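One letter stands for each residue in the lines below.
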Amino acid sequence: MKTRVAVIAIIVDDNAASAAINRLLHEAADFVVGRMGIPYREKGINIISVAVDAPQEVISALSGRIGRLPGVSVKTAYSGVVTETADD
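Here the structure is a predicted model, which is why all the values come from computation and not from measurement. (Residues numbered from 1 in each chain as written. Predicted model: local features only at pLDDT ≥ 70, side-chain atom pairs only at ≥ 80, totals over all residues. Heavy atoms only, no water.)

All right, on to the sheet that holds strand 2 (residues 32-40) then. Here four strands make up an open sheet; going across it, the order is 2-3-1-4 and the pairing antiparallel. Looking along the sheet, the strands with just one partner apiece sit at the ends: strand 2 and strand 4 (72-84). Pairwise comparison of adjacent strand axes, ignoring direction, gives a mean angle of 10 degrees for this sheet. In this sheet, strand 3 (residues 45-54) lies alongside strand 2 in antiparallel orientation, the contact comprising eight bridges. Considered in strand 3, the bridge of Gly 34 is made with Ala 51. Packed on one face of the sheet, helix 2 (residues 56-67) meets strand 1 (2-12), strand 3 and strand 4 and runs near 175 degrees to strand 4. (Pairing = 2+ DSSP bridges. Helix = DSSP H or I, 4+ residues; strand = E, 2+ residues; numbered from the N terminus. Axes fitted to C-alpha atoms, helices over the stretch in contact; angles between N-to-C directions. Contact = heavy atoms within 4.5 Å.)

What follows is the structure in structure tokens.
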């Protein structure tokens, strides 16, 4: 299986989406390398960055599902690093 390294940048304008974001990230926990959340109180938003190492389809699906949540914006940046791993 080929995996890619990417960073998913999430901006949360509506805190009501936080539980759904956390649920989706928990479902993808096997692929998450790390995450950082920054509350930007002066602007009333939260900024989350999630580093992942996953198959392209998994990254795209996760970004898409998060991006469809109301009050949430998502962009994904991919590394040129592609890794071949043994299938389980």
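Tallying each qualifying case throughout the model produces two salt bridges. Residue Arg 23 pairs with Glu 27 through a salt bridge whose shortest N-O separation is 3.3 Å. Here Arg 23 pairs with Glu 27, and both are found in helix 1 (residues 18-27), just four residues apart, close to one helical turn. By relative accessible area, Arg 23 is classed as partly exposed at 44%. Among the salt bridges present, the one from Arg 65 reaches Glu 27, with a minimum N-O distance of 3.5 Å. Of this pair, Arg 65 sits in helix 2 while Glu 27 sits in helix 1, and the two are 38 residues apart along the sequence. Relative accessible area serves as the criterion here: at 49%, Glu 27 is assigned to the partly exposed category. If you follow the salt bridges from partner to partner, you end up with Arg 23, Glu 27 and Arg 65 in one network. (Salt bridge = Lys/Arg side-chain N within 4 Å of Asp/Glu carboxyl O. Buried < 20%, exposed > 50% of the residue type's maximum accessible area, 1.4 Å probe, protein only.)

What is shown is where atoms sit, not what they do.
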